Amino acid sequence: MMDLSRLRAVLVAGKGGVGKTTVTAGLARAAAAAGKRVLAAEVSYELDSPTPLAEVLGLKRASEEPVLVERNLSLALLTPHAGHLHFLRDALPMRMLADAAMKSAAIRRFLLAAPSLAEMGVLYRILDFLRRKRSDGSFEHDLLIVDLPATGHALGLAQVPSVILKVIKRGPIHDAMREGLVLLTDPKQTGTLLVTLPETLPVSEAIELAHGISKHKIPLAGVIVNRVPVDPFTPEERAAIDAMHIDTAAMLGARTIPRIDRAKESIARLKRELGHSPLTLPEVIDETHLERTIAQAFGIGAKA
Amino acid sequence: MRRATDAPFTSDLVSQKRVIVCCGAGGVGKTTTAAAIGLAGAMAGRRVLVLTIDPARRLAEAMGIPAGGATPARVPSALVKTDGALWAWMLDPRIVFESMVRRLSDTKDRADRVLGNKLYLALRDLIAGMQEYTAAEALYTFHESGDYDLVVLDTPPSRNALEFLEAPRKLALFLDEKIVGVFLPSTGASGLFWSRARGLVSSVFDRIFGEGFMDDLQSFLGGFSGMFASMRSHAEAVRALLTSDQSSFIVVTSPDSAARTEARFMQAKLRSMRLPFSGYVLNRSWAYTRGLASPSSLAAGTSPAAISALRKLEALADHERDLAERDRLLLNALRDDGQCEATATPHLGAAIEDFAGLLTLAIGLRVPPGAEDRGNGD
């Protein structure tokens with residue numbers, strides 16, 4: 001498992017419903033407790049859509065600008081709109097022209113309709129947050145942790161810079177995407193955490209996603225298997241159960257036994273195919289324990 | 001009052017509607033539910049096409065169809081065993097887009113020009129965005145073909161779950177002549193409005209996208225220019241079909257709290273868009289426990305390992321009973337909250353990877369929930 005403590009950005013990726021948000025929040029809290037200035041961020045393509053990370057962190061409403069959640073920990077929404085606006089302001093010589101551009105129906109509708117420009121806006125926003133400095137010259141956010149939208153998109157975001165670089169050969173977008181590509185592919189700065197569940201299909205999908213990510217040369221920092229069912233049986237007890245020849249699909253309680261078996265197989269398969277052991281989190285876990293487990297696994301807080 | 005003896009609401013839908021759209025947060029089992037709804041339709045004697053987005057290869061295997069075919073594949077009739085028939089197709093954005101361009105182009109030459117444009121060649125492999133643009137188009141084309149009584153659409157796991165509806169609308173907004181005209185080579189339309197708007201766009205685009213991009217964009221959009229009207233009217237026809245009573249939207253959710261938040265959001269959104277929302281499917285639920293044996297029926301014998309093993313099995317059973325209670329309450333909360341129908345499909349674990357699992361789900365969507373345990377004075 002990789003040491004995350006020196007990174008600037010951690011991308012938390014995976015299918016929907018696997019617990020990315022819980023992992024993002026746990027990691028963010030652990031890093032903040034270890035003294036890092038952390039910005040946790042979630043992608044929002046529409047301002048009225050649910051913001052689960054804000055909810056887990058106990059905020060009623062997230063906004064495009066960072067809001068302090070607790071000591072060392074802030075939260076921001078990554079929206080294409082804010083990315084586009086900041087980009088235009090940075091790229092155009094006059095602020096007036098940028099604002100006129102954002103007001104132009106033609107340009108606004110183009111930005112909305114063109115595939116991938118939304119992702120580009122989000123990526124630009126990530127770069128923007130990572131560049132920000134305080135008056136003493138240190139980074140405003142030591143570590144940015146992004147709760148990525150459900151798959152497809154984890155890859156979607158990853159492939160954006162290389163595609164855009166093919167289409168746009170020069171100019172500020174080209175430069176910004178080149179910077180984005182350098183950042184995304186630098187293992188000293190960026191790491192992806194892949195979250196999955198201990199079931200056959202989610203694990204197959206996680207393995208595919210890991211291969212997709214590595215094809216785009218984005219460093220994989222670790223794999224987390226969430227909601228692993230606890231196996232209560234000793235080997236002797238299990239042998240006794242097996243000897244009863246129960247129809248596990250037709251008995252209360254016994255339905256959990258194949259789940260336990262699949263979880264073990266899934267974890268073994270991940271290890272076999274990705275080359276390192278995943279971090280496993282049990283089905284029932286409280287916040288403090290979750291933070292501590294994540295911090296230990298990823299070298300956070302060792303020298304707090 | 002609960003419909004303990006009535007069939008689930010999905011039963012009427014699969015035998016009457018022409019289009020069923022499955023919405024829901026990622027990871028709730030939307031694709032599987034869409035496949036089960038399709039199968040339920042075929043069991044009701046209809047000719048059904050399921051349009052899936054990126055299905056698990058295992059699901060395709062379970063349905064006996066190849067993944068990655070260019071046209072819908074028929075699920076072997078030995079599996080379906082009814083008068084109805086089931087086809088499935090994994091949506092391929094490139095095929096949908098390219099066949100639309102070929103259909104709408106007046107000449108082959110013009111179509112070749114659009115599809116050979118370098119901007120298109122660079123963008124066509126993008127995952128992000130393309131499914132959203134083509135899902136509605138594919139749905140409409142297959143519906144219009146008349147080959148199917150019912151088309152079931154599994155929606156893409158996108159930035160927002162209704163993006164597939166929004167994307168064609170955004171495209172239509174962009175293709176508005178006043179807007180897209182600004183991006184096209186000048187055709188003599190003059191006047192202050194055009195020259196100002198063109199001036200702004202080209203100065204902004206040259207600065208941010210670099211010189212040359214505007215030319216590429218103009219030649220790409222120029223290739224389409226004869227098709228804009230058809231594309232716009234298509235977007236409107238899709239919308240008309242989806243808002244009509246021939247269509248039905250189902251929100252799939254799991255017992256997970258984040259999924260439920262998303263489901264409620266989607267329900268509200270569908271209603272605000274005046275789309276025909278029919279109800280919730282609570283997937284992977286533990287709600288139904290009737291017919292299951294209890295570990296207490298087992299004889300442990302005298303071995304200490306067997307005795308302690310049974311005690312632990314009882315504890316697992318108690319946990320499942322708690323989950324069942326939780327999910328029954330959830331089901332009622334979904335009904336009350338949305339003032340709508342809701343039905344549950346069971347947690348099948350790995351079983352969902354074979355056709356028998358799909359059949360179990362499909363039956364659950366059609367027949368009265370006889371296995372549902374409605375104890376506790378519900």
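Just so it is clear, the structure is predicted and the values come from calculations on it, not from any experiment.

Conventions adopted
- In this numbering scheme, every chain counts its residues from 1 along its sequence in written order.
- Chains and ligands are labelled sequentially in the order written, the chains with letters from A and the ligands with numbers from 1.
- Only residues with pLDDT of 70 or above have their local features reported here, since the model is predicted, and side-chain atom pairs are shown and tallied only from 80 upward, although totals for entire chains, interfaces and linings are computed over all residues.
- Values reported for side chains reflect all heavy atoms of the structure, with hydrogen atoms and water molecules removed beforehand.
- Helix and strand labels come from DSSP, where a helix needs a run of H or I of at least four residues and a strand needs a run of E of at least two; each type is numbered from the N terminus.
- It is over C-alpha atoms that the radius of gyration is taken, and the globule rule equals 2.2 Å times the number of residues to the power 0.38.
- We call a residue buried when its accessible area falls under 20% of the maximum for its residue type, exposed when it is over 50%, and partly exposed in between, using a 1.4 Å probe and counting protein chains only.
- To measure how exposed things are, a 1.4 Å probe is used in the Shrake-Rupley method; for residues, cover is taken only from the protein chains shown.
- His is not counted here, nor are the chain ends, while Lys and Arg score as positive and Asp and Glu score as negative.
- By convention, charge coordinates are those of NZ in Lys, CZ in Arg, CG in Asp, or CD in Glu.
- Between any two strands, at least two bridges found by DSSP are needed for them to pair.
- Throughout, a contact is declared for two residues whenever any of their heavy atoms are within 4.5 Å.
- By convention, the term buried area covers the 1.4 Å-probe accessible surface removed from two parts as they join, with the contributions of both added.
- By convention in these notes, a salt bridge is any Lys or Arg side-chain nitrogen within 4 Å of a carboxyl oxygen on Asp or Glu.
- Expected helix span is given by 1.5 Å per residue-to-residue step, counting one fewer step than there are residues.
- What the arc describes is the spread of directions from the helix axis to the C-beta atoms.
- Fitting a line to C-alpha atoms yields each axis, with helices limited to the stretch in contact; the angle taken between N-to-C directions then spans 0 to 180 degrees.
- Ring pairs shown here join Phe, Tyr and Trp side chains whose ring centres sit within 6.5 Å, with only the six-membered ring taken for Trp; geometry is labelled stacked below 30 degrees between planes, edge-to-face above 60, and tilted in between.
- The rule for a charge over a ring is simple: NZ of Lys or CZ of Arg within 6 Å of the ring centre, and within 35 degrees of the ring normal.

### Observations regarding the overall build of chain A
Right, so step 1: When helices and strands are tallied, chain A shows 12 helices and eight strands.
Right, so step 2: Taking 2.2 N^0.38 as the reference for a compact globule, 304 residues should give roughly 19 Å; the C-alpha atoms of chain A span a radius of gyration of 21 Å, in line with that estimate.
Right, so step 3: In chain A, which comprises 304 residues, the share counted as buried stands at 57%.
Right, so step 4: Split by element, the accessible area of chain A, about 12,500 Å² in all, is 55% carbon and sulfur.
Right, so step 5: Within chain A, one finds 38 positive and 34 negative side-chain charges whose respective centroids are separated by 7 Å.

### What to know about the overall build of chain B
Right, so step 1: Along chain B, the regular secondary structure elements total 16 helices and eight strands.
Right, so step 2: Relative to its 378 residues, chain B shows a buried fraction of 55%.
Right, so step 3: Accessible surface, chain B: about 15,600 Å² in total, of which carbon and sulfur atoms supply 52%.

### With respect to the pairing of strand S1 (residues 19-23) of chain B
All names here are of chain B.
Right, so step 1: Counting buried positions along S1 gives five out of five residues, so the element sits mostly inside the fold.
Right, so step 2: Along S1, one buried face is formed by Val19, Val21 and Cys23 and the opposite face, lined by Ile20 and Cys22, is buried too.
Right, so step 3: Bridge count for S1 against strand S6 (residues 247-253) is five bridges, and the pairing is parallel. Residue cysteine 22 lies in a different strand from S6, and its bridge partner there is isoleucine 250.
Right, so step 4: Sheet topology places S1 next to strand S5 (residues 150-154); four bridges connect them, and they run parallel. Across the sheet, residue cysteine 22 finds its bridge partner in S5, namely aspartate 154.

### A short note on the interface of chain A and chain B
Right, so step 1: Contact residues are listed per partner, giving 69 residues for chain A and 70 residues for chain B.
Right, so step 2: Regarding the contact of chain A and chain B, the summed buried area is about 5,900 Å², with carbon and sulfur atoms giving 70% of it.
Right, so step 3: The largest per-residue losses of area from chain A upon contact with chain B belong to Arg109(A), Phe110(A) and Leu252(A), which jointly make up 12% of the total buried on that side.
Right, so step 4: Counting across the chain A and chain B interface gives three salt bridges.
Right, so step 5: Linking Asp256(B) and Arg227(A) is a salt bridge whose minimum nitrogen-to-oxygen distance equals 3.8 Å.

### Some details on helix H11 (residues 192-209) of chain B
Residues and elements named next belong to chain B.
Right, so step 1: Between its first and last C-alpha atoms H11 spans 25 Å; for 18 residues at 1.5 Å apiece the expected length is 26 Å, and the two agree.
Right, so step 2: Restricting attention to buried positions, one finds in H11 the residues Trp194, Ala197, Arg198, Leu200, Val201, Val204, Phe205, Ile208 and Phe209. When H11 is viewed along its axis, its buried side chains cluster within an angular range of 165 degrees and face the same direction. Turned more than 90 degrees away from the buried face of H11, the exposed residues are Leu192 and Arg196.
Right, so step 3: Just beyond H11, the residue with positive phi is glycine 210, at close to 85 degrees.

### Thoughts on the sheet that holds strand S4 (residues 73-78) of chain A
Residues and elements named next belong to chain A.
Right, so step 1: Strand order in the open sheet formed by eight strands is S3-S4-S2-S5-S1-S6-S7-S8, and the pairing between neighbours is mixed. At either margin of the open sheet sits one strand with a lone partner, and together these are strand S3 (67-70) and strand S8 (279-282). If you compare each strand with its neighbour and ignore which way they point, the axes differ by 25 degrees on average.
Right, so step 2: Here strand S6 (residues 190-196) pairs with strand S7 (residues 220-228) via five bridges, running parallel. Among the inter-strand pairings, threonine 192 is bridged to a residue of S7, identified as leucine 220.

### Notes on the packing of aromatic side chains
Right, so step 1: Scanning the entire structure with this criterion turns up 14 aromatic pairs over all chains.
Right, so step 2: Note on Trp87(B) and Tyr148(B): the rings are 5.4 Å apart at their centroids and 75 degrees apart in plane angle, and the pair reads as edge-to-face. Residue Trp87(B) is found in strand S4 (residues 85-90), and its partner Tyr148(B) is found in the loop between helix H8 (130-145) and S5; the two are separated by 61 residues along the sequence. You'll find Trp87(B) and Tyr148(B) in the same group, each marked buried.
Right, so step 3: Seen from their ring centres, Phe209(B) and Phe213(B) are 4.4 Å apart, and the 25 degrees between their planes marks the pair as stacked. Judged on exposure class, the residue Phe209(B) and its partner Phe213(B) are both buried.
Right, so step 4: An aromatic cluster is built from Phe110(A), Phe183(B), Phe205(B), Phe209(B) and Phe213(B), whose rings are joined through pairwise contacts.
Right, so step 5: Between Arg8(A) and the ring centre of Phe139(A), over which it is positioned, the NZ or CZ distance is 3.6 Å.
Right, so step 6: For the cation-ring pair, Lys133(A) lies above Phe139(A), with the distance from its terminal atom to the ring centre recorded as 5.2 Å.

### With respect to the pattern of salt bridges
Right, so step 1: Across all of its chains, the model carries 28 salt bridges over all chains by this definition.
Right, so step 2: Among the ionic pairs, Arg125(A) bridges to Glu65(A), the shortest N-O distance being 2.9 Å. Placement of Arg125(A) in helix H6 (residues 117-131) and of Glu65(A) in the loop between helix H2 (52-56) and S3 is noted, with a sequence separation of 60 residues between them.
Right, so step 3: With a shortest N-O distance of 2.8 Å, Glu237(A) and Lys312(B) are connected by a salt bridge. Here the residue Glu237(A) occupies a position in helix H10 (residues 235-243), and Lys312(B) occupies one in helix H15 (residues 304-338), the pair thus bridging two chains.

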